[in-house]
Amino acid sequence: MSERKVRVRFAPSPTGPLHIGGVRTALYNYLFARQHGGDLVFRIEDTDSHRFVPGAEEYIIESFRWLGIKFDEGVSFGGNHGPYRQSERREIYKQYVKQLLDAGKAYIAFDTPEELEAKRGEIKNFQYDAHTRLQMRNSLTLSKAEVDQLIADGSQYTVRFKVEPGVEIHVFDLIRGEVIVKSDILDDKVLYKSADELPTYHLANIVDDHLMEITHVIRGEEWLPSAPLHVLLYQAFGWEDTMPKFAHLPLLLKPEGKGKLSKRDGDRLGFPVFPLEWHDPKTAEVSSGYRESGYFPEAVVNFLALLGWNPGTEQELFTLEELVKAFDISKCSLHGAKFDYQKGIWFNHEYILKKSDKEIAELFAPIVANNGIDESMERITQVVHMMKDRVSFVKELWELCSFFFIAPLTYDEKTVKKRWKEYSAQQMAELADVLEGIEDFTVEGQEPVVMNWVEQKGYKLGDVMNAFRLTLVGIGKGPGMFDISAFLGKEETLKRIRRAIEVLK
C-alpha cells in the first residue's frame, strides 16, 4: 500500500470562544502537517444544535488569522472534501447509520429519558450495554412490526452502537504507545438522534475523518476515553486499513493548585485564556484576549508550543518555521503542563527586543497621539530605542516614557525626600549655566563638559545626577541623563531645571 499523504484536522464546536488549549491543539496539528508536507483541514462540529453560539465560528477563524496558523481547506477555505460543516452533512451520516443497522452493528432504541432515569434508580451504576440492553425498549427486544409502527407514529428514537463484550481493543497512541481496553467497560453509545436528525460526535467524527482522508487525529487528552469506541466503529465499517493514528495531547493545567486551566483562573490571576477578546452574546460579558492585551501573535505561538512539548535543547525562542523543523509529536509530555502565564509575559518581552525600534515605534505612535502629543516618528523611534528593553508590552511604554514628551508638573515626594538636598537648588542653577554654554548638545558634547565641572567643583557625582534626573523626569527613573537632555534639547532642558528649582527651592 502506498504511503498516504498526511492529513490532519482541527474541528472545534461553535459553542463559544476558542480556549487557549484548543489553540495549542490546532498549533500542534499545523506543525505536524507542515513538517510532513501534509494538509490541515478546518472542520466545524456543530451537531449539538442546542449549544450553538452566534459569532463563535467567525471568532475562531479570526483567531487563527491573527495567530498566523493557516489552514489548507475547510470551512471558509474551500476544498474537495466538503461540506466541512457537520450540520450540512446530514444526508451523508444517514447512509452510514443505515449501513450499521443493516449489518446488525447498531440498533434502534426508544427508551424515553424518564425510562432511562427509572432504570438508573433500579440498577446501581447502570450502563446501557450487553448486560442491560435486553431489559430495555429497543429493536433487539421489540418485533420488526412494533419498531416500524413506533417510527411510523413519530416516536423519537436514538440509534445505539452494539458493543460486543469480551473484546480486547488496541489503541495505538503516538504519545502514549499502545493502550489496551476491554470492551466490557464501554456502553452502547448513542450515534444518532431522530429528534434533530443529526449524529452525535462519535459517529460524525469517524465518518468525516474517513471521508476527508484524515491520517492522524491529534486532539486533547479529554478525548482519550472515546478512542476505543472510535477504533470499534472503524472496524464495524471495515475501514481498518485507513484508520488514522491517534495522538492525545496532555491537558493545560492551572498555574497553581490542581485541575485543568479555566477562564476563572485567568480572571483571578489577570491573564487571558482566549486568543481574542470575546463578547458573550447571551450575557454581554466581555472576556479578555491575548491580542487586545498587547501580546504579539508570534510570542503566543512560541509560548504555547512549549507547553507540553520539549525540543530537547536549551532553545526557547522559535519562529514558526523553526518550530515546524523542530517539532516531534512523540516528544510531547504524558502529563499535563502547568500554564505558566508569567512565562507568556516573558516571551512577549523577548519579542519586543527582537523587533526593530521602527516596528515598536509604529505601535507606540498611536498611544502618543492619543495622549495629545504631536510628535515625529523619528523622535518616537529614539524614545523606543532608549526604553523598549524595560517593558513587556508596548502599552506600558507611555507610563515609562511620558516625561520625554511632557514636562513634569509635580515631583515624586519620596524621590524629593531622598535626592533633593539643601544644596541641590544651588547646584542645579550652576548646572543650568554650564549647559547653557554648551554649543554641541549631543550626549558626546555635554558629558565631558559636565563631568569636568563636577570634578572641578568637588561635588558628589551622585548628588548632581540624582537632582538633575528629578528636574527633568519628576521621579528617579529613566535612561542615562545625557540621553534624556540630548533628546529634550537645550531649551527644554534649561526650562525644566529652572522650573524645578522654583518649585522645590
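Residues numbered from 1 in each chain as written. Predicted model: local features only at pLDDT ≥ 70, side-chain atom pairs only at ≥ 80, totals over all residues. Heavy atoms only, no water.

Under an unreviewed UniProt entry, the name given to the chain is Glutamate--tRNA ligase, and the source organism is Segatella salivae DSM 15606. Entered under Subcellular location (unreviewed entry) in the UniProt record, the comment concerning the chain runs "Cytoplasm". (UniProt positions renumbered as here; feature names shortened; annotations may be inferred.)

Regarding the overall build of the chain
Summing up its helical and strand segments, the chain has 20 helices and 15 strands in all. Taking 505 residues into account, the globule formula puts the C-alpha radius of gyration at 23 Å, and the chain, at 33 Å, lies well above it. As presented, the chain carries roughly 24,500 Å² of accessible surface, and 51% of it is formed by carbon and sulfur atoms. Between the mean site of the 64 positive side-chain charges and the mean site of the 78 negative ones, the chain shows a separation of 3 Å. (Helix = DSSP H or I, 4+ residues; strand = E, 2+ residues; numbered from the N terminus. Rg over C-alpha atoms; globule rule 2.2 N^0.38 Å. Areas by Shrake-Rupley, 256 points an atom, 1.4 Å probe, with all protein chains shown as cover. Lys, Arg positive; Asp, Glu negative; His and termini not counted. Charge placed at Lys NZ, Arg CZ, Asp CG, Glu CD.)

Observations regarding the layout of surface pockets
Within this model, the second largest pocket holds a volume of roughly 330 Å³. Contributing to the lining of the second largest pocket are 16 residues, with Asp 111, Pro 113, Leu 116, Tyr 157 and Thr 158 lying nearest its centre. Secondary-structure elements contributing two or more residues to the lining of the second largest pocket are α4 (113-122), β5 (158-161) and β8 (190-193). By residue number, the principal contributor to the lining of the second largest pocket is α4, which donates three residues. By residue class, the composition of the lining of the second largest pocket is eight nonpolar, four polar and four charged. (1 Å grid on protein atoms, 1.4 Å probe; cavity = no way out; pocket = protein on both sides within 12 Å on 5 of 7 lines; lining within 4 Å. Points joined across faces, edges and corners; volume = space filled by probe spheres on them. Nonpolar A, V, L, I, M, F, W, Y, C, P; charged D, E, K, R; others polar.)

Considerations on the packing of helix α16 (residues 424-436) against helix α17 (residues 443-457)
One can describe the packing of α16 onto α17 by two numbers: an axis separation of 10 Å at closest approach and a directional angle of 140°. Taken together, α16 and α17 sit at an angle that is classed as oblique. The two elements α16 and α17 cross, and the hand of that crossing is right-handed. Seen from α16, the contacting residues are Gln 427, Glu 430, Leu 431, Val 434 and Leu 435; seen from α17, they are Gln 446, Val 449, Val 450, Trp 453 and Lys 457. Of the residues contributing to the contact of α16 with α17, the split by class is six nonpolar, two polar and two charged. (Axes fitted to C-alpha atoms, helices over the stretch in contact; angles between N-to-C directions. Parallel < 35°, antiparallel > 145°, perpendicular 65-115°, else oblique. Left-handed = near helix turned anticlockwise from the far one by under 90°. Contact = heavy atoms within 4.5 Å.)

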